[in-house]
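Residue-level listing of the chains:
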Amino acid sequence: MIHHRDSFLTNVAAQLGRSRNTSVKPERNWKFRPQDKTLSGKTPDELMTVLRDQCRLIHTELIETTSDKLETVLESTVNLYGGGPISLWRDPRFDEFGLGELIRETWPARSVEVNEWDSFRGKANIAEAERANIGITFSDMTLAESGTVVLFSSSDKGRSVSLLPHKYIAIIPKSTIVPRMTQAAQEISRRVQSGETIPSCINFITGPSNSADIEMNLVVGVHGPVKAAYIVVEDR
Amino acid sequence: MAMKIGEGKFKDNVNENMQDTFMRGAVAGAQERLRTRRLDAAEELGNWEEWRSHGEEIRKHVLDNLDYYLHELTENVQKRGGHVFFAETAEDANAYVREVVNSKNGKKIVKAKSMVTEEIGLNQILEEEGCEVIETDLGEYILQLDEHDPPSHIVTPALHKNKEQIRDVFAKKLDYKLTSKPEELALHAREKLRQEFLTADIGITGCNFAVAESGSISLVTNEGNARLVSALPKTQITVMGMERIVPTFEELDVLVSLLTRSAVGQKLTSYITALSGPRQEGDADGPEEFHLVIVDNGRSKILGTEFQSVLQCIRCAACINVCPVYRHIGGHSYNSIYPGPIGAVLTPLLGGYDDFKDLPYASTLCAACTDACPVKIPLHELLHKHRQVIVEKEGRAPISEKLAMKAFGLGAASNPIYGAGSKMASAMMKPFTKNDRISNGPGPLKAWTEIREFPAPNKERFRDWFKDHEKGGSGQ
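Residues numbered from 1 in each chain as written. Chains lettered and ligands numbered in written order. Predicted model: local features only at pLDDT ≥ 70, side-chain atom pairs only at ≥ 80, totals over all residues.

1. Quick look at the domain arrangement of chain B
When the parts of a complex come together, some accessible area is lost, and that lost area is often taken as the interface size.
Next, step 1: Considered domain by domain, chain B is made up of domain 1 (10–162 + 189–295) and domain 2 (412–470).
Next, step 2: The centre of domain 1 of chain B, based on its C-alpha atoms, is set 52 Å off from the matching centre of domain 2 of chain B. (Domains from an automatic or database assignment.)

Here's what the structure looks like:
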């Protein structure tokens, strides 16, 4: 339902001194496009350096590894963060990157509670994420300039996993790294223009939550996770 | 609380706040840090002026085509299963939100920081309905606990409070027993508020920018509270000023990049969240119902006028962080939830000159605000325009200014009086002069010199010096 749109838009147009236009798409003839030049032409390794430097500024631990060592690295990062309970997306990439055994066998065998997002169980997913010590997701796109992981929500990829647990780990396939928000915005816009339904929630996450509301002192960890780590993995 | 935050007169507010030494120290310190961080972030980008120019052209384009983009936005919100309400006035907006809340039998409401809901006084309306309304931004939460103390800055609302005051508020209201360390205070707020998020019926957010092409709204935060507000309650209501819109995600990128750098010197804040409608089928979190309320409340009257560019504002507070007047008088002196240069321009436009005619005079016209603005709003020129309108069209210049101008007009219009006056000025002002400055002037000068110094008249008049100079004298 849309209420009171006609009178509202007629008034807006009248104030602008013309009749209402809701059908002719305005031309966007920008004179400037500074975003295209920022970090353009960098090689993947150069972007990796940018990301590495940025993570120092956003209180985020960055770990680089190869796909054959990923399982060990993830296991030790989880241990470092105090173990389970763990909350995860239901994401085929966990298996593609060889983490299936760790998630389904190794951790449960050691009594580490692991909860995979399962939309059929509805609200229980939120309660599990709330109880979790660590939330783990993959990054769908990664922005080198700002040190940001972009997460596209879906029925298998709940918003709560990167939000409610005390700590957060993002696994970043190296191929997802792009220069900056510009490339992610272009990709989302391309999907919109081609008629795709974009996710109901797209999160750009840059490190742990923080606040400077008390005397401008930076406090890391407010409503979202209090610690964050990124594990960058060379693609298989 | 609506836009106007008190009944005091501007001058009385200033006098009172100038005595608050903690506030003045806090504001000065915050300005230094935020200003430096913004400059560093801008310098790092290299071509900051080009970014500003692009930001400006995007905002201008959207305002010039606002009817088109509002139409496109709301079509797409509807396609995504959301509801839209266009509100001409604050009352209309509040009535709609109240209706939605009541229809959901909503009792507990969690809110993410939103200036427009402050502007329309939404909390009070909902509290009168018997709802519990909880602000979840840490700064706003502190203010709400402290008997609804008004915000003094649009990005860091509790800037005027020190940590000891905050500890005392927590002790009194939350039975808090720990120290005034910011980490401990924040952790306590986290634990208290987490329970509220999990049990709230309704989430209310503002909107940094809506994206027309997809019907999305975006929220820019560091704490993560806006994510919780939009992920957990069953119903989400988003309230936005009608001008806060971009055509596509490409422009969202540019404006967010300008906003986070200008506000806090960050490349991006911890969370930028783009939400499109309610949860999709199969989603296990996110709201089941989504309402977008688009507020005019006086904005359309600014469109098409010489003040239109003020609607380019992206609420970063960069102008506030460089303003020498704000630095001394603090946010509360402005009597508006919108303080500083942007507030001094916007508040009289939205709230009228009756209550806010003093604000355009709360500026030295130094133009630091204009230089800082990431979307190039000519703030000091707009302040000057306000003064012109107040004097010429409204005929209500401050009385002391009227008297001084009248006296000057009288003196300057008659050659003998001007000559005698300028000859006597130096001698007459001598008792008030110290180091060539007058700091406690008499008569019409009093109002001026109460707040700043006036240069003493030169001992030698220009005309005498010129005569002497023509004759070949040394002349100084």
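2. Some thoughts on the UniProt feature "binding site: [4Fe-4S] cluster 1" (unreviewed entry) in chain B
Residue and element names in this part refer to chain B.
Next, step 1: As recorded in UniProt, the feature "binding site: [4Fe-4S] cluster 1" (unreviewed entry) lies at Cys-313, Cys-316, Cys-319 and Cys-373. What stands out for the annotated residues spanning 61 residues is how close their C-alpha atoms remain, the widest pair being 10.5 Å apart.
Next, step 2: Mapped onto the elements of the fold, Cys-316 is located in the loop between β10 (289–295) and α13 (318–322).
Next, step 3: Overall, the presence of 26 C-beta atoms within 10 Å leaves Cys-316 in the buried class.
Next, step 4: With sequence-adjacent residues up to four places away left out, Cys-316 is seen in contact with Leu-259, Ser-262, Ala-263 and Pro-374.
Next, step 5: Mapping Cys-319 onto the fold places it in helix α13. (UniProt positions renumbered as here; feature names shortened; annotations may be inferred. Helix = DSSP H or I, 4+ residues; strand = E, 2+ residues; numbered from the N terminus. Buried ≥ 20, exposed ≤ 12 C-beta atoms within 10 Å, placed from the backbone. Contact = placed C-beta atoms within 7 Å.)

3. A closer look at the UniProt feature "domain: LUD" (unreviewed entry) in chain B
Next, step 1: When the UniProt feature table is mapped onto this chain numbering, "domain: LUD" (unreviewed entry) sits at residues 71–295 of chain B.
Next, step 2: Between the first and last C-alpha atoms of residues 71–295 of chain B the distance is 14 Å; the span itself is 43% helix and 21% strand.

4. Side note on the interface of chain B and chain A
Next, step 1: With 83 residues of chain B at the interface, the matching set in chain A holds 69 residues.
Next, step 2: A per-class count over the side of chain B that touches chain A returns 34 nonpolar, 29 polar and 20 charged. (Nonpolar A, V, L, I, M, F, W, Y, C, P; charged D, E, K, R; others polar.)

5. Considerations on the packing of helix α1 (residues 5–15) of chain A against helix α4 (residues 66–79) of chain B
Next, step 1: Interhelical geometry of α1 of chain A versus α4 of chain B gives an angle of 155° and a closest axis separation of 8 Å. Taken together, the axes of α1 of chain A and α4 of chain B lie roughly antiparallel to each other. Facing Arg-5, Leu-9, Val-12 and Ala-13 of chain A of α1 of chain A, the residues of α4 of chain B in contact are Leu-66, Asp-67, Leu-70, His-71 and Thr-74 of chain B.
Next, step 2: Looking at the contact of α1 of chain A with α4 of chain B residue by residue, the class counts come to five nonpolar, two polar and two charged. (Axes fitted to C-alpha atoms, helices over the stretch in contact; angles between N-to-C directions. Parallel < 35°, antiparallel > 145°, perpendicular 65-115°, else oblique.)

6. A look at the UniProt feature "domain: LUD" (unreviewed entry) in chain A
Next, step 1: Within this structure's numbering, the places UniProt gives as "domain: LUD" (unreviewed entry) are residues 55–233 of chain A.
Next, step 2: Between the C-alpha atoms that bound residues 55–233 of chain A the distance is 16 Å, and the span itself is 27% helix and 28% strand.

7. Here's the deal with the pairing of strand β7 (residues 235–241) of chain B
Residue and element names in this part refer to chain B.
Next, step 1: Here β7 lies mainly inside the structure; seven of its seven residues are buried.
Next, step 2: Going residue by residue along β7, you find Thr-235, Ile-237, Val-239 and Gly-241 tucked away on one face and Gln-236, Thr-238 and Met-240 tucked away on the opposite face as well.
Next, step 3: Examined bridge by bridge, β7 and β10 share seven bridges and lie parallel to one another. Residue pairing for β10: Thr-238 is matched across the bridge by Leu-292. (Pairing = 2+ DSSP bridges.)

8. Overview of the sheet that holds strand β12 (residues 437–438) of chain B
All names here are of chain B.
Next, step 1: Taken in spatial order, the three strands line up as β11-β12-β13 in an open sheet, and their pairing is antiparallel. Where the open sheet ends on each side, the last strands, each with one partner, are β11 (433–434) and β13 (454–455).
Next, step 2: The pairing of β12 with β13 spans two bridges and is antiparallel. From the neighbouring strand, Ile-438 faces β13, where its bridge partner is Phe-454.

9. A few points about helix α7 (residues 124–131) of chain A
Residues and elements named next belong to chain A.
Next, step 1: Three or more residues of α7 are buried, namely Asn-125, Ile-126, Glu-128 and Ala-129. Buried residues of α7, seen end-on, are gathered within an arc of 160° and therefore sit on one face of the element.
Next, step 2: Residues of α7 that are buried sit in contact with β3 (86–88), β4 (114–116) and β5 (134–138). (Arc of directions from axis to C-beta.)

10. Overview of the environment of Lys-423 of chain B
Next, step 1: In this fold, Lys-423 of chain B is placed in helix α20 (residues 415–429).
Next, step 2: For Lys-423 of chain B, a count of 14 C-beta atoms within 10 Å corresponds to the partly exposed category.

11. What to know about the sheet that holds strand β9 (residues 271–276) of chain B
Next, step 1: With respect to topology, eight strands assemble into an open sheet ordered β9(A)-β6(A)-β7(A)-β10(A)-β9(B)-β6(B)-β5(B)-β8(B), the strand pairing being mixed. This sheet does not close on itself; its edge strands, each paired only once, are β9 (177–178) of chain A together with β8 (245–246) of chain B.
Next, step 2: Sheet analysis places strand β5 (residues 209–211) of chain B next to β8 of chain B, joined by two bridges and oriented parallel. Considered in β8 of chain B, the bridge of Val-211 of chain B is made with Val-246 of chain B.

12. Quick word on the packing of helix α15 (residues 340–351) of chain B against helix α18 (residues 379–393) of chain B
All names here are of chain B.
Next, step 1: At a closest axis distance of 9 Å, the pairing of α15 and α18 adopts a crossing angle of 40°. Classified by the angle their axes make, α15 and α18 are oblique. In this structure, the crossing between α15 and α18 has a hand that is left-handed. Contacts from Pro-341, Ile-342, Ala-344, Val-345 and Pro-348 in α15 reach Leu-379, Leu-382, Leu-383 and His-386 in α18.
Next, step 2: The residue inventory of the contact of α15 with α18, partitioned by class, reads eight nonpolar, one polar and no charged. (Left-handed = near helix turned anticlockwise from the far one by under 90°.)

13. Here's the deal with the pairing of β9 of chain B
Next, step 1: With six of six residues buried, β9 of chain B lies mostly within the body of the structure.
Next, step 2: A two-sided burial pattern is seen for β9 of chain B, the buried positions comprising Tyr-271, Thr-273 and Leu-275 of chain B on one face and Ile-272, Ala-274 and Ser-276 of chain B on the other.
Next, step 3: Two elements, strand β10 (residues 201–205) of chain A and β9 of chain B, share five bridges in a ladder whose sense is antiparallel. Within the sheet, the bridge partner assigned to Ile-205 of chain A lies in β9 of chain B and is Tyr-271 of chain B.
Next, step 4: Direction of pairing for strand β6 (residues 216–221) of chain B relative to β9 of chain B: antiparallel, over a ladder of six bridges. What sits directly across from Val-220 of chain B, in β9 of chain B, is Ile-272 of chain B.

14. A closer look at the confidence of the model for chain B
Next, step 1: In the predicted model, chain B carries a mean pLDDT of 92, and the fraction of residues at 70 or more is 96%.
Next, step 2: Taken over the whole predicted complex, pTM reads 0.92, whereas the ipTM for its chain interfaces reads 0.97. (pLDDT = per-residue confidence, 0-100.)

15. Some words on unusual backbone geometry
Next, step 1: Residue Gly-84 of chain A is joined to Pro-85 of chain A through a cis peptide bond whose omega torsion reads -5°.
Next, step 2: Relative to the helices and strands, Pro-85 of chain A is located in the loop between α4 (70–80) and β3.
Next, step 3: Even without glycine at this site, Asn-297 of chain B takes up a positive phi of about 50°.
Next, step 4: By secondary structure assignment, the location of Asn-297 of chain B is in the loop between β10 and α13.

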